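Analysis of the macromolecular model
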Amino acid sequence: MHTINKPTKYRISLKEPGIPGVLRMAEERFIFTPHDPRSLLKLDVPFRSIKVHKFSKDGSKQALLNLLHEGGGYIFEFDSFSDRNICRDFVGKILGKLQATCPSKDDKAVPDKTTPAPGEQLSPMEMEHRIKLLRDDSELQRLHKQFVMTGILTESEFWATRKNLLDDTTIKVSKQRTGFKSTMLADIRPATDGRTNKVTFSLTPEIIHQIFAEKPAVHRAFLDLVPKKMSEKDFWTKYCRAEYLHRTNNSVAAAAEAAEDEELAVFLKHDDILADEIRHKIRRVDPTLDMEADQADDYIHLQDHGLLRDGGKETVDAESELSRRTLSQDLNRHAAVVLEGRAFDVELGDTRTVAEALARSKKGPSLEAFDKNESQERLEKACRMTEIEDLRGPHQLPYAPLFIKDPREYFDSQQANALRALGDSNAGFKNTDYNFNLEESYAYLMKQISEAKVSGLNDIVQSDVAHKENLTTSLV
Amino acid sequence: MKFHIEEVAVYFPYDHIYPEQYEYMVELKRALDARGHCLLEMPTGTGKTIALLSLITSYALAHPSSPLKLVYCTRTVHEMEKTLAELRVLYSYLPPSSSLLALGLSSRKNLCINPDVLSASSRDSIDSSCRRLTASWVRALAADRPSGAIPTCPFFESYDKASRDAILLPSGVYTLEDLRAFGRDRKWCPYFLARNMIQYANIVVYSYQYLLDPKVANIISKEMQRECVVVFDEAHNIDNVCIEALSVSIRRQTLDGATRNLNRIAQVIDKFKATDAGRLREEYNRLVEGLAQRGNLPMTDTWLANPALPDDILKEAVPGNIRRAEHFLAVLRRLVQYLKGRLQVESVETEVPVAFVASINAQAGIDQKMLKFCYDRLYSLMLTLEITETDEFLHIQTVCDFATLVGTYTRGFSIIIEPFDERMPHIPDPILQLSCHDASLAIKPVFDRFQSVIITSGTLSPIDLYPRLLNFNPVISRSFTMSLTRDCICPMVLTRGSDQLPVSTKFDMRSDPGVVRNYGRLLLEMVAAVPDGIVCFFVSYSYMDGIVNSWNEMGILQDIMQHKLVFIETQDVVETTLALDNYRRACDCGRGAVFFSIARGKVAEGIDFDKHYGRLVIMFGVPFQYTLSRILIARLEYLRDTFQIKEGDFLTFDALRQAAQCVGRVIRSKADYGMMIFADKRYYPVCTIFLTKFCIVLPISNILMKNVPTIISTHQSMSKDIINFDPSMGCLLSFML
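Residues numbered from 1 in each chain as written. Chains lettered and ligands numbered in written order. Predicted model: local features only at pLDDT ≥ 70, side-chain atom pairs only at ≥ 80, totals over all residues. Heavy atoms only, no water.

Identification of chain B as DNA 5'-3' helicase from Dendrobium catenatum is taken from an unreviewed UniProt entry. We quote the UniProt Cofactor (unreviewed entry) comment for chain B here in full: "[4Fe-4S] cluster". Quoted verbatim from the Subcellular location (unreviewed entry) heading of the UniProt record, the comment on chain B is "Nucleus". (UniProt positions renumbered as here; feature names shortened; annotations may be inferred.)

By the naming in an unreviewed UniProt entry, chain A is Putative RNA polymerase II transcription factor B subunit 1-1, taken from Dendrobium catenatum. Quoted verbatim from the Sequence similarities (unreviewed entry) heading of the UniProt record, the comment on chain A is "Belongs to the TFB1 family." Its UniProt record, at the heading Subcellular location (unreviewed entry), says of chain A: "Nucleus".

As structure tokens, this is what we get:
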């Protein structure tokens, strides 16, 4: 590979003016030599220490290239973008190559006996996977640091005992969607600065996503209006205005605004998509709590029979076109959406893509009439619910496996919390002991033996393997 | 397991039985032997329903010579579903030779499978669109015309063809869903099928109204034989249901509608006079001879029976001055006019029926006897005029219903006219209410007609009050207590918040921000400590709305949501149902949730929060009735005069039975466990006595006065005990057979 020389300015930080000099890039390292020979800022850095490179956009004020290492970065300012781009591409190539070959170099350095293929090349994908595993599991990371970084184990030796973690299947199984947060993000509160009459609402992609999920009418309006009729900013301004009107409980002002501006009215009106959805859902609820079925279930419904005002019942307010959305409705809706969870995985960045993805996921089979399967399931559940459990033997319920990202950390913190709470109430932590009496343990033993007889001794581990496994586990 | 109680072999679908279930069955059997009524109280969480069903079914199987029918009344449709689910468990355990037909009956709304009818949204329109397709005159017309000219219901037609050959349902247990599925399968109408099958079924499960409301009972339950065991489950509110059945309200809309109805009737009479005068004369002659003959309407045409009780309808001729159709019409016009005048009041008026009848007589010239016959006379007229769209004539029916009741009963009722709702004095909405105070009137025919009536609930104390309120003599009246081998219930009374200020929902304290904050802090602490589901009961909708809004402003609600999802009961039943469904799912999936509910609301009435659906229930305040209600005041006066029950005592009794009902929702079996917090200073010390004496009948030997931190630590120690509990040991009485 060739080397390149380019005139550039080295800037210690963005605020300081650069020191003019020449940047020389070779395959292994780059060298910066200032024009001023007295300057002490001479750089000679191997590319291996560089992690990432960053650069300013073409056409921005300065043509910058930033080479990041552990502690910071080297910022170079070029005279022209074309110069910068040549350097950028060069650095990109070298870094890509380095990252791909880095572990294999280690492999070569310490010849591995267990894997005979000496030139094992790790694809960047595999590498990424390993890094992800390390990042997710603090315990594993600690071990990695302890053994690999200090050179006790090589990278491949370290992973050899954890082959199962590297299996692709495990990645898929353990993939668990993160749900919504329980907090009501869509209930945005305005901030006032106290001096002027200005009110500020702040929206994040997360909040917008929740608004779309909880208020289908807003979602539809967004898809219809943005960007054909108005910009996204206008849309949200309008939305916040409607929210503000709703919050101030000024129904007269709200009605007046809604009459003038039909787009604003969408936000204040009753959500018709929601009403539709409710009508579908009510047919599927568990019959043992279906109170709707119960309404007016007398023989023929007479409106004026019975007592109307005996104080027990409460009168219902008349409904208006701009029906008041109550807090309780919002809470119920929010909780329902949280329970449904995210239907798709989209990076929460662009509002438009989020809105479209949500629309796609809704079009799916979710609104299909519920099939026999579901009613069967419900029937079984109802049966289970009616049984008095302690008068009958235990059931094996199906369950969804919970994926805890970092079990050790999770349980340790739980225990710490519990201990702290117990410490407050001045009580000790008592272990539950499982005492089997003689009969029970005998029965258990007999069961084990008979099981072994039936299934044979297939899964008994050979002694030498067991020895190894033992070793590795004790190492871990 | 199968065991014997005296000579009866009892099939019980579980391997074990609680001792109190066994005792309960023994008492029940004695009542059945004695062919008398009985009153049994057993706390929730002891499996009342299955014990009851198991014994009565086994008793019927043991005595095949005298077929015993079980009529099981529930308050709500979802309770009906639960009962049928338990019956199914029992049915699968019975010996295969025994044939048993059990079914639930509900309105068209819940049973119809015709997609055209179902597309109508409200229940009233489902009823009337069904009638439009199935009424006898429509079908007669459709038979005359070429097919397809007049739409009919294909499900009803094919059912009608099939129903001519006797019994249609094979034996088994049919929930509403099963009936619908069966109907879809055979292309038969499930509603009319169920209506028809109840006379052949061994067990019928339906709503209280079908037996207690005389208007409905005489149609639906007419054919039930005397050898019936009638069970009223969850009957602690039965007095209220009875009272509702005999009460009528008249508003301005009713009277306007009645005037329209009368004009329509007048037109039809004129038409008949021109074309078929003989028919009217014929009716007149019939009326001279005696009371209107109740013609047998086809099942599809609806006309409610007389609102007063059959015994009260005298076997005498209709008074002369309303025999002619046009005379009767004039009487009704005067009555409506008079009622319109009465509605124009400035202040509240309360009257007894005697005074009211006297005033009608003086001002409108209608005497008591004419009033009494209004309902039947109207029915006869409608029949003569061949008006069968009865649902359009509901307004005039209501007015006649009112007239008949006011003309029949002289005591136990009062008439209350209010110009507006007291809680919204700025909206004029005059209403005239005929309010019944005597619960025994409506239930009397049930006691007279059927061999055994069983009234049972988790909360019937004081048990001697019910025979007086309902005016009957039970052969057995017993209250069982729950045997517990461990503290699976932990009731507590909270009188002060964490800042040592007293908490209460007393009228002068409830809006105090300190109380609101203390309640919020209590909930917040509990939400952080208790796993799975938590249920909170508030005293009223308006109070709950207020407090939830304040919590929202204070930020407490947001803190609560950090720990659990929040669901709220609203006035909208559909929304509440969905919220409940979601609440259960939240508890099932382990996320945990809080449900806010109303002490006298629909949720408190019949939804169970057992197992992980309710590990803690908090009762915020004492759920007293709205004591300024005129109807309540009138009723209290009646109770004082007739039964010497003091107003204060009754109110406390009523509030505590509601509170007990609410907290009792969390426990359904002994493997279950839960905490209960009564958060009001008034629960201590006076009410603790009530609570221990007759409220939950749970072992509240250790009602503890607590503040928040101690409650938390109690919770922790309790859950530790519970986790170490082994359900197969100790608490069960096992029969080795």
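**Some remarks on the overall build of chain B**
Broken down by element type, chain B carries 30 helices and 21 strands. Sorting the 737 residues of chain B into buried and exposed places 62% on the buried side. With the model as given, the accessible surface of chain B reaches about 26900 Å², and the carbon-plus-sulfur share is 52%. (Helix = DSSP H or I, 4+ residues; strand = E, 2+ residues; numbered from the N terminus. Buried < 20%, exposed > 50% of the residue type's maximum accessible area, 1.4 Å probe, protein only. Areas by Shrake-Rupley, 256 points an atom, 1.4 Å probe, with all protein chains shown as cover.)

**Observations regarding the packing of helix α8 (residues 154-163) of chain B against helix α10 (residues 190-197) of chain B**
Residue and element names in this part refer to chain B. α10 packs onto α8 with a crossing angle of 30° between their chain directions and a minimal axis gap of 9 Å. Between α8 and α10, the angle is such that the two are roughly parallel. Contact residues: α8 offers Phe156, Tyr159 and Ser163, while α10 offers Phe192, Leu193 and Asn196. In terms of residue class, the contact of α8 with α10 is built from four nonpolar, two polar and no charged. (Axes fitted to C-alpha atoms, helices over the stretch in contact; angles between N-to-C directions. Parallel < 35°, antiparallel > 145°, perpendicular 65-115°, else oblique. Contact = heavy atoms within 4.5 Å. Nonpolar A, V, L, I, M, F, W, Y, C, P; charged D, E, K, R; others polar.)

**Comments concerning the pattern of salt bridges**
Side-chain pairs of opposite charge can arise whenever the charged atoms involved come near each other. Residue and element names in this part refer to chain B. Across all of its chains, the model carries 36 salt bridges over all chains by this definition. Across the pair Arg665 and Glu234 runs a salt bridge, and its minimum N-O distance is 3.6 Å. Of this pair, Arg665 sits in the loop between α28 (647-663) and β20 (674-679) while Glu234 is found in the loop between β8 (228-232) and α13 (238-245), placing the two residues 431 residues apart along the sequence. Here Lys444 and Asp448 are joined by a salt bridge, their closest N and O atoms 3.5 Å apart. Taken together, the positions of Lys444 and Asp448, both in helix α20 (residues 440-449) and four residues apart, correspond to about one turn of that helix. Since its relative accessible area comes to 41%, Lys444 is described here as partly exposed. For Asp448, a relative accessible area of 46% corresponds to the partly exposed category. Salt bridges here are not isolated pairs; linked through shared partners, they connect Glu6, Glu7, Lys29 and Asp33. (Salt bridge = Lys/Arg side-chain N within 4 Å of Asp/Glu carboxyl O.)

**Describing the packing of helix α9 (residues 176-186) of chain B against α10 of chain B**
All names here are of chain B. Contact geometry of α9 with α10 gives a least axis separation of 9 Å together with a crossing angle of 115°. The angle between α9 and α10 falls in the class roughly perpendicular. Pair α9 / α10 crosses with right-handed handedness. Between α9 and α10, the contacting residues are Leu179, Arg180, Phe182 and Gly183 on the first element and Pro190, Leu193 and Ala194 on the second. Its residues assigned to classes, the contact of α9 with α10 shows five nonpolar, one polar and one charged. (Left-handed = near helix turned anticlockwise from the far one by under 90°.)

**Side note on the nonpolar core**
In this structure, Tyr206, Val230, Phe232, Ile238, Leu339 and Ile455 of chain B are the most contacted members of the largest nonpolar core, which totals 180 residues. The greatest single-element share of this core, amounting to ten residues, is contributed by helix α16 (residues 325-343) of chain B. If you count residues domain by domain, this core takes at least three from each of domain 1 (1-75 + 208-215 + 225-244 + 439-479) and domain 2 (246-438) of chain B. Apart from residues lying up to four places away in sequence, Tyr206 of chain B is in contact with Val71, Tyr72, Cys73, Thr74, Met80, Leu105, Leu211, Ile220, Ser221 and Met224 of chain B. Listed in part, the 43 residues of the second largest apolar core include Ala335 and Val338 of chain A together with Ala599 and Ala655 of chain B. (Core = buried A, V, L, I, M, F, W, Y, C linked by side-chain atoms within 4.5 Å. Domains from an automatic or database assignment.)

**Re the confidence of the model for chain A**
All names here are of chain A. Confidence in the prediction for chain A averages 70 pLDDT; 68% of positions are at 70 or higher. Taken as a whole, residues 103-119 scores under 50 in pLDDT and shows eleven contacts with residues more than four places along the chain or in a different chain. Ignoring residues within four places in sequence, the model shows residues 366-370, a span with pLDDT below 50, making eight contacts including any to other chains. (pLDDT = per-residue confidence, 0-100.)

**Some words on the domain arrangement of chain A**
By a widely used convention, the size of an interface equals the accessible area lost when the partners come together. Each assigned domain of chain A is listed with its residue range as follows: domain 1 (4-100), domain 2 (137-174) and domain 3 (178-288 + 328-365). The straight-line distance from the C-alpha centre of domain 1 of chain A to that of domain 3 of chain A is 47 Å.

**A look at the pairing of strand β3 (residues 29-34) of chain A**
All names here are of chain A. What you see with β3 is a clean split: Phe30, Phe32 and Pro34 sit on the buried side and Arg29, Ile31 and Thr33 on the side with no burial. In the sheet, strand β2 (residues 19-25) pairs with β3 via five bridges, with the strands oriented antiparallel. Each residue of the ladder has a partner; that of Leu23, found in β3, is Phe32. Pairing of β3 with strand β4 (residues 43-46) involves four bridges; the strand directions are antiparallel. If you follow Arg29 over to β4, its bridge partner there is Pro46. (Pairing = 2+ DSSP bridges.)

**Some words on the confidence of the model for chain B**
All names here are of chain B. Looking at chain B as a whole, its pLDDT mean stands at 82, while 87% of the residues score no less than 70. Contacts of residues 689-705 to residues separated by more than four positions or lying in other chains number 44 contacts, the stretch itself having pLDDT below 50. This model gives residues 721-737 a pLDDT under 50, and the stretch forms 27 contacts once residues within four places in sequence are excluded. Reported for the predicted complex are a pTM of 0.74 and an ipTM of 0.77.

**Concerning the packing of aromatic side chains**
Within a pair of aromatic rings, the relevant descriptors are the distance that separates the centres and the angle that separates the planes. All names here are of chain B. Taken as a whole, this structure holds 36 aromatic pairs over all chains when the rule is applied. Aromatic pair Tyr24 and Phe480: ring centres 5.7 Å apart, planes at 55°, arrangement tilted. Note that Tyr24 is positioned in helix α1 (residues 19-34) and Phe480 in the loop between β14 (476-479) and β15 (489-494), a separation of 456 residues in sequence. Classification of Phe480 by relative accessible area gives buried; the value is 2%. In textbook terms, an aromatic cluster arises when at least three aromatic residues are bridged by ring pairs, as seen for Tyr519, Phe538, Tyr543, Trp551, Phe596 and Phe620. Across the ring face of Tyr284, the terminal group of Arg324 is positioned such that the distance to the ring centre comes to 5.3 Å. (Phe/Tyr/Trp six-rings, centres within 6.5 Å; stacked < 30°, edge-to-face > 60°. Lys NZ or Arg CZ within 6 Å of the ring centre and 35° of its normal.)

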